[in-house]
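So you can see what is in the structure, the chains are spelled out below.
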Amino acid sequence: MAAAISELLIGWCLFGLALLAILIFCWVYVRKYQSRRESEVISTITAIFALAVALISSALLPVDIFLVSYMKNQNGTFKDWADANVSRQIEDTVLYGYYTLYSIILFCVFLWIPFVYFYYEEKEEDDGNTCSQVKTAFRYTLGFITICAVLLLIGAFVPLNIPNKKNSTEWEKVKLLFEEFGSSHGLTALSFSISSLTVIGMLAAITYTAYGMSALPLNLIKGTTSAAYERLENTEDIEEVEQHLLRLKSKCRDGRPLSSRDRQTLQQLEGRLRTLRRRGRHLESIEKSWWTKFCEAIRPLKIVWGVFFVIVALLFTVSLFLSNLDKALHSAGFDSGFIILGTSLTNPLNMLLPVLQTVFPLDYILITTIVMYFIFTSMAGIRNMGIWFFWIRLYKIRRGKTRPQALLFLCMILLLIVLHTSYMIYSLAPQYVMYGSQKYLVQSNKTVGGQPRNVTYVSKDCDADAPEDQCIVTRTYLFLHKFWFFSAAYYFGNWAFIAVFLIGLIVSCCKGKKSVIEGEVDDDDSDMSDDELSAYYH
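Residues numbered from 1 in each chain as written. Predicted model: local features only at pLDDT ≥ 70, side-chain atom pairs only at ≥ 80, totals over all residues. Heavy atoms only, no water.

## Observations regarding the overall build of the protein
Here's step 1: Broken down by element type, the protein carries 18 helices and 4 strands.
Here's step 2: Of all 538 residues assigned to the protein, the portion counted as buried reaches 50%.
Here's step 3: Across the protein, the fraction of contacts at a sequence separation of at least 24, relative to all contacts at a separation of at least 6, is 81%.
Here's step 4: Accessible surface for the protein amounts to roughly 25,900 Å². Of this, 63% is attributable to carbon and sulfur atoms. (Helix = DSSP H or I, 4+ residues; strand = E, 2+ residues; numbered from the N terminus. Buried < 20%, exposed > 50% of the residue type's maximum accessible area, 1.4 Å probe, protein only. Contact = heavy atoms within 4.5 Å. Areas by Shrake-Rupley, 256 points an atom, 1.4 Å probe, with all protein chains shown as cover.)

Dropping the structure here:
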């Protein structure tokens, strides 16, 4: 008993270290992209806190799986300390953790982040008193609060009865698991609201993560153009534009006014010249920076990382494809949300995770790596594409130059993507997410002369056929799969994810090398942005 408690304490200590690492990562990440000139304390704290809460909620997944797995021995029997029902209630600690974190996420998404966003929007438009800005921001935020209230009400009273499917013993098993989990209206409301956000996170993952999984590794492999070569080309462009300007201005030296067409061309050329001069200053700053010299020195390492990321992306996509194909062939169908409690078509990650789970914290490390991989590929997709509302680009995400409102949008998108990550991991390894490495005992009878002899018991991995009292289902699975229609949406979303990744891979292969200042200089930038870039690189 003492040994079991000590090992559990070690597990929770590792979780505490993960929390510290998450907070440090979020602080460095947000500080890297926020504007040095327009940084605001409240927006910075909000972005760091929201992203940290999402990552912490994903960090609970391996803890949940570890706890249900640790209650049983490898031979399929419960450990002495886990035999009593009171001892098994330790799993409720994870459930309360999910309650807390998901409630905080709802607070951030529907109240805190919108309020801070509208507050700074109002601050830019009107430099009046703070009280007026707070009132206006809160008035706009009421719309988000109303949406949250509607989702909670729908979740509390939505019927969970699924259309009956005759001879569907697998789906009957699912319903029994849900009944075991409880029928609390508050829990159902929270689950419905979080699942709604997860669907939005799925759309964000399809848009940004799927493209980023192809763009990030190929950009690492191809590298960027030389800063010196780009500066030489930029200088030639400046000279060409200046000569064109001189020819235009020479037309009005004798006092004759320029035609409307020439005036329009003159304005365009002057804007182009300002942009080229800013590019020249940025290129000169980057060419002289120690960071550029360091990146050139580790160029071979970047190629190795790029090849590794391509392999990981292909492995992930193949695993997701096999998992979805398994659901298409062996699940209970659309009316059950394509839920499958076992695996008939295995995939590499589904084989690897249960093996690593037996040696804590190897699976923890792998899941953390998957989540961080999602974060970095999502960030690559967002940075390449920007934040759009249909055909209108709202914000650009750039190192050291991201506005407070864009930073809030960025962390909101990443928060929703991380929420969706838990379901993505389930899609890849359903048995691992449901039962971990649990086994149960199955009676094996040997017959001699037609008579049963030598009754023995053999251990078997927990699956849909296991007795209810022999396998404990993780709180993660039951929390995120309470509504069949969300599961059906995730299933079709996975196919869309695979399609967007393949399209992004083709596009990324066809594109040439990126500029060393790709996205850093645009026509609508102010000259003060030069100082921001210099401060970032020096």
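Let's pick the thread back up.
## Some remarks on the packing of aromatic side chains
A ring pair, where both rings are aromatic, is described by two values, the distance of the centres and the angle of the planes.
Here's step 1: Going through the model one piece at a time under the given rule, you end up with 27 aromatic pairs.
Here's step 2: Here the aromatic rings of F49 and W112 are separated by 5.3 Å at their centres, their planes lie at 50°, and the arrangement is tilted. In this pair, F49 is assigned in helix α2 (residues 41–70) and W112 in helix α4 (residues 91–125), connecting sequence segments 63 residues apart.
Here's step 3: You can call W112 partly exposed: its relative accessible area is 24%.
Here's step 4: A centroid spacing of 6.1 Å and a plane angle of 50° characterise the contact between Y96 and Y99, whose relative ring orientation is tilted. Here Y99 and Y96 lie together in helix α4, a separation of 3 residues that amounts to about one turn.
Here's step 5: Ring-pair connections join several aromatic residues into one group, and the members of that group are Y117, F118, Y140, F144 and F409. (Phe/Tyr/Trp six-rings, centres within 6.5 Å; stacked < 30°, edge-to-face > 60°.)

## So, the UniProt feature "coiled-coil region" (unreviewed entry) in the protein
Here's step 1: As recorded in UniProt, the sites labelled "coiled-coil region" (unreviewed entry) are residues 259–286.
Here's step 2: End C-alpha to end C-alpha, residues 259–286 measures 40 Å, and it is 96% helix and 0% strand. (UniProt positions renumbered as here; feature names shortened; annotations may be inferred.)

## Quick look at the nonpolar core
Here's step 1: In terms of nonpolar packing, the biggest core is built from 119 residues, with L55, Y102, I105, I194, L197, F316 and F497 touching the most fellow members.
Here's step 2: With 18 residues, helix α14 (residues 404–428) is the single largest residue contributor to this core.
Here's step 3: Here L197 is in contact with I105, L106, V109, F110, L416 and L419, once residues within four sequence places are set aside.
Here's step 4: Counting 9 residues, the second-largest nonpolar core is a separate cluster that includes I238, L258, L269 and L273. (Core = buried A, V, L, I, M, F, W, Y, C linked by side-chain atoms within 4.5 Å.)

## Here's the deal with the layout of surface pockets
A water-sized probe, rolled over the atoms, reveals where empty space remains.
Here's step 1: Of the voids in this model, the second largest pocket is the one considered here, and its volume is about 980 Å³.
Here's step 2: In terms of lining, the second largest pocket is formed by 27 residues, of which the most central are I200, F409, M412, I413 and L416.
Here's step 3: Sorting the residues of the lining of the second largest pocket by element identifies α4, α5 (130–157), α7 (185–222), β1 (387–389) and α14 as the ones contributing at least two each.
Here's step 4: For the lining of the second largest pocket, the leading source of residues is α7, giving 7 residues.
Here's step 5: Across the lining of the second largest pocket, the residue classes break down as 25 nonpolar, 2 polar and no charged. (1 Å grid on protein atoms, 1.4 Å probe; cavity = no way out; pocket = protein on both sides within 12 Å on 5 of 7 lines; lining within 4 Å. Points joined across faces, edges and corners; volume = space filled by probe spheres on them. Nonpolar A, V, L, I, M, F, W, Y, C, P; charged D, E, K, R; others polar.)

## Side note on helix α8 (residues 227–249)
Structural remark: α-helix, 3.6 residues per turn; residues separated by three or four positions point the same way.
Here's step 1: Under the 1.5 Å per step criterion, the end-to-end length of α8 is 32 Å for 23 residues, consistent within 8% with the ideal 33 Å.
Here's step 2: Buried residues of α8: A227, E230, N234, I238, V241, L245 and L248, and no others.
Here's step 3: On its buried side, α8 packs onto α9 (260–288). (Expected span 1.5 Å × (residues − 1).)

## Here's the deal with the pairing of strand β2 (residues 392–395)
Here's step 1: Two elements, β1 and β2, share 3 bridges in a ladder whose sense is antiparallel. Bridged to I387 within β2 is Y395.
Here's step 2: Adjacent in sequence and paired antiparallel, β1 and β2 are bridged by 2 residues, among which F390 carries a positive phi angle near 55°. (Pairing = 2+ DSSP bridges.)

## Notes on the packing of helix α13 (residues 362–385) against α14
Here's step 1: Two elements in contact, α13 and α14, have axes whose closest approach is 10 Å; the angle formed by their N-to-C orientations is 140°. The angle between α13 and α14 places the two elements in the oblique class. Judged by the sense of rotation from one axis to the other, the crossing of α13 with α14 is right-handed. The residues of α14 that touch α13, namely those facing I367, V371, F374, I375, S378, M379 and I382, are L410, I413, L414, I417, V418, T421, M424 and I425.
Here's step 2: Looking at the contact of α13 with α14 residue by residue, the classes come out as 13 nonpolar, 2 polar and no charged. (Axes fitted to C-alpha atoms, helices over the stretch in contact; angles between N-to-C directions. Parallel < 35°, antiparallel > 145°, perpendicular 65-115°, else oblique. Left-handed = near helix turned anticlockwise from the far one by under 90°.)

## As for empty space enclosed by the protein
Here's step 1: Taken as a whole, this structure holds 2 cavities of 30 Å³ or more when the rule is applied.
Here's step 2: The element best represented in the lining of the largest cavity is α7, accounting for 4 residues.
Here's step 3: Partitioning the lining of the largest cavity into residue classes produces 2 nonpolar, 4 polar and 3 charged.

## Thoughts on the pattern of salt bridges
It is possible for side chains bearing opposite charge to pair when their charged atoms get close.
Here's step 1: All chains considered together, the criterion is met by 2 salt bridges.
Here's step 2: One salt bridge connects E242 with R277, and the closest N-O pair in it is separated by 3.0 Å. Here E242, found in helix α8, pairs with R277, found in helix α9; they are 35 residues apart in sequence, far enough to count as distant. (Salt bridge = Lys/Arg side-chain N within 4 Å of Asp/Glu carboxyl O.)

## Examining the side chain of E230
Here's step 1: Residue placement: E230 occurs in helix α8.
Here's step 2: Taking the relative accessible area as the measure of exposure, E230 reaches 6% and is therefore buried.
Here's step 3: Contact partners of E230, with chain neighbours within four places excluded, come to T225, R279, L283, S515 and V516.

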